Amino acid sequence: MFAVHLLAFHFTKLKEDQIKKVDRFLHQLRLSDDVLQDVAARFRAEMLKGLARDTNPTAAVKMLPSFVRSLPDGSEKGEFLAVDLGGSQLRAHQVKVFDDGKQSSQLESKFYPTPKEVTQGSGAELFDYIADCLSDFMETRNLKQKKLPLGFTFSFPCKQTKLDEGVLLEWTKHFRVRGVQGTDVVSSLHRALQKHQDIDVDVLALVNDTVGTMMTCGYDDQRCEVGLIIGTGTNACYMEEMRHISLVEGDEGRMCINTEWGAFGDDGALDDLRTEFDRELDLGSLNPGKQLFEKMISSLYLGELVRLILLKMTKEGLLFNGKVSAALLTKGKIEMKHVSAMEKYKEGLSNTREILTELQLFPSEEDCVAVQHVCTIVSFRSANLCAAALAAILTRLRDNKKLLRMRTTVGIDGGLYKTHPKYAKRLHKVVRRLVPTCDVRFLLSQSGSGRGAAVVTAVALRLAAQHRRLDATLAPFLLPPSILQQVRDSMRAELEYGLKRETQAQATVKMLPTYVCGMPDGTEKGKFLALDLGGTNFRVLLVKIKSGRRRSVQMYNKIFAIPLEIMQGTGEELFDHIVQCIAEFLEYMGIKGARLPLGFTFSFPCRQTSIDKGTLVGWTKGFKATDCEGEDVVDMLREAIRRRNEFDLDIVAVVNDTVGTMMTCGYEDPNCEIGLIAGTGTNVCYMEDMKNIEIVEGNEGKMCINTEWGAFGDNGCIDHIRTKYDREVDEGSLNPGKQRYEKMTSGMYLGEIVREILIDLTKQGLLFRGHISESLQRGIFETKFLSQIESDRLALLQVRRVLQQLGLDSTCEDSIIVKEVCAAVSTRAARLCGAGLAAVVEKKRQNRGVQHLQITVGVDGTLYKLHPHFSRILQETVKELAPQCDVTFMLSEDGSGKGAALITAVAKRLHSVGQKQK
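For clarity, every value in this text was computed on a predicted model and none was experimentally measured.

A.B. asks: Would you mind going over the overall build of the chain with me for this structure?
C.D. replies: In terms of regular secondary structure, the chain is built from 30 helices and 26 strands. The C-alpha atoms of the chain give 39 Å as radius of gyration, which overshoots the globular expectation for 918 residues (29 Å, by more than 25%). C-alpha extents for the chain along the principal axes are approximately 140 × 60 × 55 Å. Across the 918 residues in the chain, those meeting the buried criterion constitute 59%. Sequence-distant contacts, at least 24 apart, represent 70% of the contacts inside the chain between residues at least 6 apart. As displayed, the chain offers around 37,500 Å² of accessible surface, 50% of which is attributable to carbon and sulfur atoms. Positive and negative side-chain charges in the chain, numbering 120 and 119 respectively, have mean positions lying 4 Å apart.

This is the structure in C-alpha cells:
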C-alpha cells in the first residue's frame, strides 16, 4: 500500500515539476484577467474604428455591414438551397421552412471535399466546382425541376453594399484562389451556375458563416444577437445599432456586423502579447502579417504552434533528451485533432504517448506530462483571447441598450469549440468572469451555418417580394427621358395655343398678359406699399427704394393669417379682412394718412386689360371665396377700402407673385427674364416679344406673360402620366379636373399624393402591419414632412420620429418604404417642373434666334428652397431637355413683396416717361 502511495506521490511530483518547467518556458502565453480586460478594451477601440467612416479604411477590424437587419418574423416559408464554403468541406443543403407558427424547419445536407487544386487554383475553377457540387446535390435530391432561391455562405471577409453582393477583400484560412480578390463572388457564382442549363437557381443572399450561425440559433432563440465561430478560422458577428454604423445610410433599427476579428492585431495592437512562436508561425504561413488574432486562436494554427514550441524545447534539451525527429521538423505534422486528443481527461496521457511515438520521438513519462501541458497552455490561451474579444462585444451590446444587466444568447459553431474536450467550458467560465453583468447563454448551432443562410434567404425572399410590389406601385412615377421630352413638347404647344387669338379661349395654359413691359433699370426710388395674397398667410409691406450709388431696397412687413372660413367664405368677407389687415399695418407704421402707390401681389390666375385691372379667372390653392371669379380684384379691393372709409391708396399694379419674383431677380441681374414659383402652387412667367402676343395690340418691345401653367393638362394632354393616386387627389380637391399639372408638381398636393400611396401600400400589407390608422386621414401629410423625411442629414431614426408625430407607429422597414415613396413623388414633381421650364427656355432661345442662349431664371417657393433635392433635380432636367440653353437659377428675395413694389416703381417710372413724351 505504501508503495502505491509512493508511486502516486512520485507521479504527482513529476507532473508538478514538468508543469512548472513548461509554465516557466511559456510564461508569455499565460494571460491574467487584467491582461484579458486590457485586450477587451483594445478590441472595443478597434470596433469603434471599424464602424466609423473616416477611420474604417485604416482599421484592422473591418466591422463589415452584412445587410442582415432582422431575425425571421415567423411568416417565412418555402424551400431553399444553401451552399457553405469556408472550411475543409463544401456543404450543400436543402432547407424547408414551415409557416406553422413554430418556426420549424427541415434540413438535408451533402458534404463535398475541397481539394488543394480547388482551394489554391483559379477563380473560375472554384466557382465551377461549387456549381458542379450543387448540380450533383440537386440531382441527388431530385430538385432539378424546381426553381429555388439559394443562400451562399461564404466564410471570408467581403465588403457588401447589399445582401446579394459581396466583394472579396482577402482570402483567409488555407484558401488562396487566384483572380477572386476584389471581385463580386455572387456574380462569379451566377456565371458558373448559368453553365448548368438543367438547374434554375437564384442567389438571393451572401452570408458569412458567422452570420449564418447567429441566424440559425436566432431561429430557435429570439435573444440570440451574437454569432461566434471557433474552428478552422475564427470570427464573430453581432447586431449593432444602425446609428453607430456610419458606413451605411440610416440610423434606425439594427444590422448584423461581421467583425472579421481574425485581423485584430494586424496593425500592431497585439504585438506585446505575441510570442516568438506566434511570429515564427506567421512567417511560415500563406499570409504573413495578416489574421494575427486568428493565428493565436483557430484550430488551423494551434497544432502548428504546439509543434514549434515542442521543437524549441527539444533543441534546448527540455524534452526527448534533446533528440529532434524528422517529423517534429516537418510543418503541419501536429494538427488540432492531436492537441484535442492529448488534452482528453482520462486517456490524454496515453494519447500523448501514442501521438509522440508516431512522430518518432519516443517520449518518457515526464515528456508526455510536459507535452500535454504545452497543449493545455496553447488551447487555454486561445479560449482566453476569444473570451476577451467576446466580452468586448457583449459590453458594447449592453452599453447600446443602456442596461445595467443584460441577458443574451451567443450562437456558436466550429470544430474547435465542438470537439475539443475542455474548450467550451473554459470559454464560458472566462467570459462570465470578464463580464459579470451579462447573463450569457451559449447555444450550439446544430445544423451549421447552412440553415442560417437559408433563413437569411427566406427573409430576403419575403422582403424581395414586398419590394417588387413596392416597385410596381412606384413605377408610374419614374418618368424616362422620352416621356419628359413629350411633356416638354406638349407644354411648348400649349404655350403657343395660349398666345394665339384663335386658340387662346380654348387653351388650358392661358398665357395671360401682365402689362408689365419693362424691367428695373436702377433709377426707381420712393416709398411703396405692397400687398401679398397667395396662400394661407397675407402680408402687408412698406418698401423704400433708393437709386444711384446708394441703391438699396428696405422692407418692413407684417404677416396676417387668413382663416379657412374667410378663404372659403364670400368675396366681400375676404376683401374686408384684407383691408382690416392693411389698416392695422398702416397704424403700426404710423403712415395712415399717406396716399402711397400700392402694388397688389395676387397669386391667382387673372386676365388683365391693363396693369391695374385684373379679372380673376378662377381660384386655386384652396381658396373658394364666392362672387370673385369674373370680377376685377382691384375694384373689389377699392370697394372694401371705401367701405372701411379710414384711408385711401393709389393702387398702381396688380401683380402675380411669379412676375414679382422675376422683377426682384431682374433688379440684381439684367439677364433675368423668367420667373418660376415652386411652392404651395407652381407657375412661370417670362418676357415675351410683343409680336408673338396676338391677344394684345402692338408689335414693339416685350411684355411679361403669366403662363398660369398649373392648368397644363386640364385638356387631357398629360393623362397618360397621371396615376390613380393623382386622380384620387384631384377628385378629393376643391377644384376637380383643374390645375392638373400643379397637382402633380406643387407643395400643396405632394403630401396628399404620398398619403394616398401609403394607404394603398398599407392595404397591400406592405406598411404599418396592414393597419390603416385614423392618422392617415386627409391632409395629414404636409409637404414639409417630405422635405424632412428626404433630408440626407435625417436618418431613419428621425424619419420614424416624424411618422410618430403624425401618429404612425412605424418599424425600421416602414420608415425605409415611406422615404422611398416621398422620394418618388418629389422627384417626379421636380422632373415634370423641369420639363415645363425647358419648354419656356427653348422658346426664349428661338425667339432670339440664337444657337446658344444664356439666361437667368428667378426662383421662389418653399418646395424649391427647402426640399433637399428638388432644386438639383429640376436643374438637371432643364439641362437634359434644353441642352442649347445655359440657365442660371437665382433665388428670389421676397419676390411677392419686393417684386410688387418694384413693378409699381417701374410702372410709375414708365407712366412718368409717357406723360413727359405727351
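A.B. asks: Sorry if this is basic, but what is going on with the sheet that holds strand 26 (residues 885–891) here?
C.D. replies: Sheets are built from strands paired through backbone hydrogen bonds, the pairs being either parallel or antiparallel. As summarised here, the arrangement of the six strands in space is 14-24-23-22-25-26, forming an open sheet in which the pairing is mixed. Bordering the open sheet on either side are strand 14 (512–513) and strand 26, each of which pairs with just one other strand. Sheet contacts for helix 21 (residues 657–668): strand 22 (672–678), strand 23 (682–689), strand 24 (702–706), strand 25 (853–860) and strand 26; angle to strand 22, the most-contacted strand, approximately 135°. Where helix 29 (residues 870–881) meets the sheet, it contacts strand 22 and strand 26, and its direction lies at approximately 160° from that of strand 26.

A.B. asks: What am I meant to see in the packing of helix 12 (residues 365–401) against helix 14 (residues 423–434) here?
C.D. replies: It is at 8 Å that the axes of helix 12 and helix 14 come closest, and there the two elements cross at 40°. Our classification of the angle between helix 12 and helix 14 gives oblique. The element helix 12 and its partner helix 14 pack so that their crossing is right-handed. Counted together, T376, S379, F380, S382, A383, N384, C386, A387, A388, L390, A391 and L394 of helix 12 and Y423, R426, L427, V430, V431 and L434 of helix 14 form the full contact between these two elements. By residue class, the composition of the contact of helix 12 with helix 14 is 13 nonpolar, four polar and one charged.

A.B. asks: Sorry if this is basic, but what is going on with helix 22 (residues 724–731) here?
C.D. replies: An α-helical turn contains 3.6 residues, so a residue and the one three or four places further along point in the same direction. Listed in full, the buried residues belonging to helix 22 are Y725, D726, V729 and D730. The buried residues of helix 22 all sit within an arc of 140° when viewed along its axis, so they share a single face.

A.B. asks: Honestly, the sheet that holds strand 18 (residues 597–602) in this entry has me stumped. Any pointers?
C.D. replies: Read across the sheet, five strands follow the order 17-16-15-18-21 without closing on themselves; strand pairing throughout is mixed. Looking at strand neighbours, the two that pair on one side only are strand 17 (552–561) and strand 21 (650–655), the edges of this open sheet. Going from strand to strand, the sheet's axes swing by 20° on average, the running direction of each strand aside. Along the sheet face, helix 20 (residues 633–644) touches strand 15 (526–533), strand 18 and strand 21 and points at about 145° away from the line of strand 21. Where helix 21 meets the sheet, its contacts fall on strand 16 (537–546), strand 17, strand 18 and strand 21, and the angle it forms with strand 21 comes to roughly 100°.

A.B. asks: How do you make sense of unusual backbone geometry when you look at a structure like this?
C.D. replies: Negative phi is the rule for most residues except glycine; trans is the rule for most peptide bonds. A positive phi is found at Q291, a non-glycine position, where the angle reads about 55°. Along the chain, the position of Q291 falls in the loop between helix 7 (276–283) and helix 8 (292–297). What makes Q291 buried here is its relative accessible area of 2%. The backbone of Q739 shows a phi angle near 55°, a positive value even though the residue is not glycine. Structurally, the position occupied by Q739 is in the loop between helix 22 and helix 23 (740–745).

A.B. asks: Is there a simple way to think about the packing of aromatic side chains in this case?
C.D. replies: Each aromatic ring pair is described using two quantities: the centre-to-centre distance and the angle formed by the ring planes. Scanning the model with the defined rule gives 21 aromatic pairs in all. Considering the side-chain rings of W709 and Y741, the 5.3 Å spacing of their centres and the 80° angle between planes classify their relative orientation as edge-to-face. In this pair, W709 is assigned in the loop between strand 24 and helix 22 and Y741 in helix 23, connecting sequence segments 32 residues apart. Given a relative accessible area of 0%, W709 falls into the buried group. For Y741, a relative accessible area of 0% corresponds to the buried category. Members of the aromatic cluster, connected to one another through ring pairs, are F152, F154, F156, W171 and F175. Residue placement shows R91 over the ring face of F111; its charged tip is 5.4 Å from the ring centre. A cation over an aromatic ring shows up here: K558 above the ring of Y588, its NZ or CZ 4.6 Å from the ring centre.

Scoring rules and cut-offs
Within each chain, residues carry numbers counting from 1 in the order of the written sequence. Reporting in this predicted model follows two pLDDT cut-offs: at least 70 for local features of residues, and 80 or more for side-chain atom pairs to be given and counted; totals over whole chains, interfaces and linings ignore these cut-offs and use all residues. Excluding hydrogens and water, the side-chain figures rest on all heavy atoms present in the structure. Strands are runs of DSSP state E lasting at least two residues, helices are runs of H or I lasting at least four, and both sets are numbered from the N terminus onward. In this setup the radius of gyration rests on C-alpha atoms only. A globule is expected at 2.2 Å times the number of residues raised to 0.38. Partly exposed residues are those whose accessible area sits between 20% and 50% of the maximum for their type, while under 20% is buried and over 50% is exposed, using a 1.4 Å probe and protein chains only. Note on contacts: a residue pair qualifies if any of its non-hydrogen atoms lie within 4.5 Å across the two residues. All accessible-area figures derive from a Shrake-Rupley calculation using a 1.4 Å probe, and residue coverage is judged against the displayed protein chains alone. For the charge count, each Lys or Arg is scored as positive and each Asp or Glu as negative, with His and the chain ends excluded. By convention, the point assigned to a charge is CZ for Arg, NZ for Lys, CD for Glu and CG for Asp. Whether two strands pair comes down to DSSP finding at least two bridges between them. In this analysis an axis means a line fitted to C-alpha atoms, helices contributing only their contacting stretch, and an angle means the value between N-to-C directions, from 0 to 180 degrees. Oblique is the label for every angle not falling under 35 degrees (roughly parallel), over 145 degrees (roughly antiparallel), or within 65 to 115 degrees (roughly perpendicular). If you view the pair so one helix is near and one far, a crossing is left-handed when the near helix is turned anticlockwise from the far one by less than a right angle, and right-handed when it is turned clockwise. Note that Gly is not counted as nonpolar here; it falls among the polar residues with everything else outside the nonpolar set of Ala, Val, Leu, Ile, Met, Phe, Trp, Tyr, Cys and Pro and the charged set of Asp, Glu, Lys and Arg. This arc describes the spread of directions from the helix axis toward the C-beta atoms. For Phe, Tyr and Trp, where Trp contributes only its six-membered ring, two rings pair if their centres lie within 6.5 Å, and the inter-plane angle classes them as stacked under 30 degrees, edge-to-face over 60, or tilted in between. Only when the NZ atom of a Lys or the CZ atom of an Arg is both within 6 Å of the ring centre and within 35 degrees of the ring normal do we say a charge sits over the ring.

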